Amino acid sequence: DNVDQYKLKLEQVRLEVKQDLNDAKIARNRGDYAAAVADLQLAKTKIEVNGFDIEWKGLDSEVLSLLDMVKAERTAAEEQAIMDEREEAFAQIRAIESVENERKEQIVSNILLNAMSAFDEGRYRDAEERAGGRNPHRRLPRWTQPGSGQLPEREERAVHALAR
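Residues numbered from 1 in each chain as written. Predicted model: local features only at pLDDT ≥ 70, side-chain atom pairs only at ≥ 80, totals over all residues. Heavy atoms only, no water.

For the rest of this paragraph, the subject is the side chain of Arg14. With respect to the secondary-structure elements, Arg14 resides in helix H1 (residues 2–29). Residue contacts for Arg14: discarding those within four places in its chain leaves Ile54, Glu55, Trp56 and Leu59. (Helix = DSSP H or I, 4+ residues; strand = E, 2+ residues; numbered from the N terminus. Contact = heavy atoms within 4.5 Å.)

Positive phi, close to 55 degrees, is recorded for Lys57, a residue that is not glycine. What makes Lys57 exposed here is its relative accessible area of 65%. (Buried < 20%, exposed > 50% of the residue type's maximum accessible area, 1.4 Å probe, protein only.)

It is worth spelling out the nonpolar core at this point. General note: in soluble globular proteins, nonpolar side chains tend to be found buried as a group. Counting 19 residues, the largest nonpolar core has Val17, Leu21, Leu40, Trp56, Val63 and Val70 as its most contacted members. Elements supplying a minimum of two residues to this core: H1, helix H2 (33–50) and helix H3 (59–120). The residues contacting Leu21, other than those within four sequence positions of it, are Leu40, Leu59, Glu62, Val63 and Leu66. (Core = buried A, V, L, I, M, F, W, Y, C linked by side-chain atoms within 4.5 Å.)

Attention shifts here to the pattern of salt bridges. Under the counting rule described, the total for this entry stands at ten salt bridges. Ionic pairing is found between Lys46 and Glu16, a salt bridge with its closest N-O pair at 3.5 Å. With Lys46 in helix H2 and Glu16 in helix H1, this residue pair connects regions lying 30 residues apart in the sequence. By relative accessible area, Lys46 is classed as buried at 19%. Across the pair Glu62 and Lys25 runs a salt bridge, and its minimum N-O distance is 2.7 Å. (Salt bridge = Lys/Arg side-chain N within 4 Å of Asp/Glu carboxyl O.)

Closest axis-to-axis distance for the H1/H2 pair is 8 Å, and the angle between their directions is 160 degrees. By the criterion of interaxial angle, the relationship of H1 to H2 is roughly antiparallel. Handedness of the H1/H2 crossing: left-handed. Along its contact with H1, which presents Val13, Glu16, Val17, Asp20, Leu21, Asp23, Ala24, Ala27 and Arg28, the element H2 presents Tyr33, Ala35, Ala36, Asp39, Leu40, Leu42, Ala43, Lys46, Ile47 and Asn50. (Axes fitted to C-alpha atoms, helices over the stretch in contact; angles between N-to-C directions. Parallel < 35°, antiparallel > 145°, perpendicular 65-115°, else oblique. Left-handed = near helix turned anticlockwise from the far one by under 90°.)

Coordinates in, geometry out; function isn't part of it.
What follows is the structure in structure tokens.
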């Protein structure tokens, strides 16, 4: 009777390990690597505690193999998450830079349109002042100055011509 109970207990442990393994596979499939590792560690502990008394039929090696694979997958997923976060941050920076560049281009465009309108109307001094020529208080921003390298070529030529 004790032998039967002992065999029953061993079979119960084997079934528990099998269930832990199945739970780990399910967790792994849904990307929950922490739960998968926890289930596999639990199965590994049960195998280590009951090791020689149970015929595992390859279950022990499957648990150990899957544990190594899940740990590697978890590490890869964590590294990918870090890379994704960095890429998102860079994308946000690029978007901010793009908005800032568009804002700068709009400022330059407005200054040039006002100066060219004044020039076309024969108000040459006004055109020169609007382009930042004579009035130090209405100077173009430093990044719009001729030769700054930050203006598109067409605007560079126009600013240079108006600033003469």
